[in-house]
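# Secondary and tertiary structure notes
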Amino acid sequence: MNQTILIIGAGLAGLSAALTAAEKQYQVLLVSSMPSERAQSVMAEGGINAALDTKGEDDSVEEHFKDTMAAGVYLADPNAVSALTNAAPGIVRHLAALGVVFNRDEHGSIDLRNFGGQKKKRTAFAMSSTGKQIMTALIQEVRKKEAEGNIIRYSDHSFVSLILDEQKRCLGCVALDNRTQELLSLQGDAIIVASGGINGLFGRTTGSQQNTGVAAAELFRLGVPIANGEFIQYHPTTAACFGKRLLISEAARGEGGRLFTVRNGKPWYFMEEKYPEMGNLMPRDVISREIWRIMSASGGPTSVFLDMTHLPPEVMEKRLGDLVEDCITYLHVDPRKEPVPVSPGIHYFMGGLQVDEQHRTTFPRLYAAGECCYQYHGANRLGGNSTLGALYGGGVAARSATQDAAGCTNDFKKYGAQAVEEIRQKVASLQAGNRHFPLPGIRAELSRILLNSLGIVRNGPQMEAGITALDRLLAEKVVRNYDPTSGPYENLNLESLCLLGKALLLSACNRRESRGAHTRGDYPDRNDAEYLKYSVARYDGKKVVVRLEDIPEER
C-alpha cells in the first residue's frame, strides 16, 4: 500500500477522488459529516453534459467548449475547460458501464436533452434524478474498495481545521467525531477538500443545509484564497419550500416547459418574445435577470409561472417523473394540470477555493474539487456541467495528490498534537468571554446581510452597507462570543464564516462591471478592458484583501 490521501467530503467529487486514488493503491481516508447517501450530489436532477452526438446534430467537444466558455463570459481557464469537455464523453460512457441507468432512445443509445445555454442536445439524464443514479453507482464502487481495505470511511466526522507545518505544508486535519465530540488528528500525505457549496452562508438555497461552508471558511481563514466569490448563480425556477428553495429542474424547460406571466389578462411568454432563438433555454443568469426585472417593475406582476401542462404524458412520466412527484409532494401543485409558480433562488456558487488547472491550492499538499472550488464555470455555470465538473475535478485532484505525495515525508506526531491543543485552547478562550449571543440569531443576521447585499442585481451603496453591517456584527456579536446552548464546534467556526461572507462582498464590490451572474445596477456594462480577470480574495490574518489576476492563456 502506498501513502495516505485524506479526502474531506463524500459527494460526487469526493467519491471520484477516492476511487481514483484507491485504484492507484493509495490508502484513502474518506471524512464526511453525513453518509454519501445524504450528500447534496444526490439532489442533482437534470443531467450531465457530454458531446456524445447521439441525436445526429453534429455536436462536438469543441461546441461544448465554446458553450461553456460563452456561458462563463470567458472568465474560466480555457485549458481546464478544454480538458473537461474532452473528457466528458468518456466519463458518461464509464458511468453507463458502472450501471448508471441513463434514459435510452429508441435505438438504445444514451438519450440526450436540451439544456439552457446550449443549442445542441448534450445532456445525458436519468429521468430527473441523475445525481441519485450516479451516486448510487459510485457508492457501490467505493464499497468494493472499502471491503478491500483501500478506503476507510470516517462518517459522522466534521472537518475542523488543517494540520500544517511551518512551511504551511498540509500534514493532515483535525476532525470532530460528531457522536463522541472527540477531536481526532488524521494524518494524510495529501489532502483533497471536496466539501461542496457554501449554502450555509445564505440559508435559503436549493442546496443541502448540510453544506455549511465551514470547511471553505476555515481554509480561507488560514490563508487559502477564494476566487470569483462574487459569482453566485440564481436558478430562475425555484419555489419557496419549508425555509429552503425547491428546485424546479431546468429539465422541465429542456423538455418544452414555457415561462410566462399574466399581462392584460393574457399569458405573456416573455422569454420567447425577447429571445426568439433560445427562448426558455437562455442561460440561467439571463432568465433570472428577466424575471427580476419583470417583477421589480412598477405595476409588474407578482408571479411568474412555468407551464408544463402541454407536454405529452409520456414525457411527464418517463423523463420528468421525479419532478412531477416533488411538485405534488412539496408544493401541492400537479404540473400536469396547472402551471407552477416560480421565482429565482440561489442554486450554485461559481466561486470558491482558488486552484490551478491540476486542482492544486496555494498550500502544498492541499487540493480542492467540486463546488467548493472555482474551476470550470467562470461567471456563470451551464446546467449539466456541475456533475461533470465534480466527477472530472475529483479525478484530476486525486491524480495530482498521488503524484505529489510520492516520496513525501510526514513529521506528523508533533504537529497533530499541537493543532488539537490549539483548537482546545481557542474554545476555552471563547468560553471565558463575556458575550453569550445565541448562534442561530447571529447566523440568521449573517444570511440576511448577504441576501440583501448580493441579490440578482446589486449596487455599490447596497454592498458597502452590507460590509459595514457585517463588520458591526463581527465586532459586537461574534468576536469573543460563546453560546453555551450550542456545541464548541459551532461556536468555533462562526468568525470564519463571517470572514468568508466579507470576502464575497468585497469581491462583488470590487468588480465594477456586469458579467454573467454578477449584475450591477450602477455598472450595467461588461468591461473586458479592466475586468476580464479573476478576482482573488485573501485573508492575511488581519484583513481581507481583493485583487485581480490574469486568466491563463489558451495553449
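Our subject is the structure listed above.
On a predicted model such as this, the values are computed, not experimentally measured, just so you know. (Residues numbered from 1 in each chain as written. Predicted model: local features only at pLDDT ≥ 70, side-chain atom pairs only at ≥ 80, totals over all residues. Heavy atoms only, no water.)

## Description of the overall build of the chain
Going by this rule: Only DSSP runs of H or I with at least four residues qualify as helices, and only runs of E with at least two residues qualify as strands; both kinds are numbered from the N terminus onward. Think of it in three bands: residues with accessible area under 20% of the maximum for their type are buried, residues over 50% are exposed, and the middle band is partly exposed, with areas taken using a 1.4 Å probe on protein chains only. Only heavy atoms enter the contact rule, under which two residues are in contact if any of them lie within 4.5 Å. We count Lys and Arg on the positive side and Asp and Glu on the negative side, and we leave His and both chain ends out. For this purpose, a charge sits on NZ of Lys, CZ of Arg, CG of Asp or CD of Glu.
The helix and strand inventory of the chain stands at 17 helices and 23 strands. Based on the C-alpha atoms only, the size of the chain along its principal axes is roughly 70 × 50 × 50 Å. Residues classed as buried in the chain amount to 61% of the 555 residues present. Partitioning the intrachain contacts of the chain with sequence separation of at least 6 by distance along the chain shows that 71% fall at a separation of at least 24. Positive and negative charge centroids in the chain, built from 62 and 64 side chains respectively, lie 3 Å apart.

## Quick look at the side chain of Asn199
Counted only if it meets this: Any pair of nitrogen or oxygen atoms within 3.5 Å is treated as a polar contact; in protein, a donor-acceptor pairing is required on top of that, and neighbouring residues in sequence qualify only through side-chain atoms on both sides.
Assignment of secondary structure puts Asn199 in the loop between strand S10 (190–193) and helix H5 (214–222). Within the structure, Asn199 has its side chain in polar contact with the side chain of Thr205 (distance 3.5 Å). Not counting residues up to four positions away in its chain, the partners in contact with Asn199 are Gln40, Thr205, Gly207, Ser208, Asn211 and Phe349.

## As for the sheet that holds strand S5 (residues 123–124)
Spelled out, the test is: What makes two strands pair is DSSP finding at least two bridges between them.
Sheet architecture is open: three strands sit in the order S3-S5-S4, paired in antiparallel fashion. The open sheet has two free edges, formed respectively by strand S3 (48–49) and strand S4 (112–113), since each of these has just one partner strand. Sheet topology places S3 next to S5; two bridges connect them, and they run antiparallel. The residue of S5 that forms the bridge with Asn49 is Thr123.

## Considering the nonpolar core
Note the threshold: Only buried residues count toward a nonpolar core. Its members are Ala, Val, Leu, Ile, Met, Phe, Trp, Tyr and Cys residues joined through side-chain atoms within 4.5 Å.
Core analysis: the biggest nonpolar cluster contains 93 residues, and Leu162, Leu201, Phe202, Phe220, Leu353, Leu366 and Leu454 have the highest contact counts within it. Considering every element that reaches this core, the biggest residue donor is helix H16 (residues 494–510), with ten residues. In terms of nonpolar packing, the next biggest core, distinct from the first, is built from 53 residues, Ala22, Ala194, Ala369 and Ala397 among them.

## Here's the deal with unusual backbone geometry
The phi dihedral of Met127 falls on the positive side, at around 50 degrees, and the residue is not glycine. Its location among the elements puts Met127 in the loop between S5 and helix H4 (130–148). One non-glycine residue, Lys168, lies in positive phi territory at about 60 degrees. Note that Lys168 resides in the loop between strand S7 (157–164) and strand S8 (170–177).

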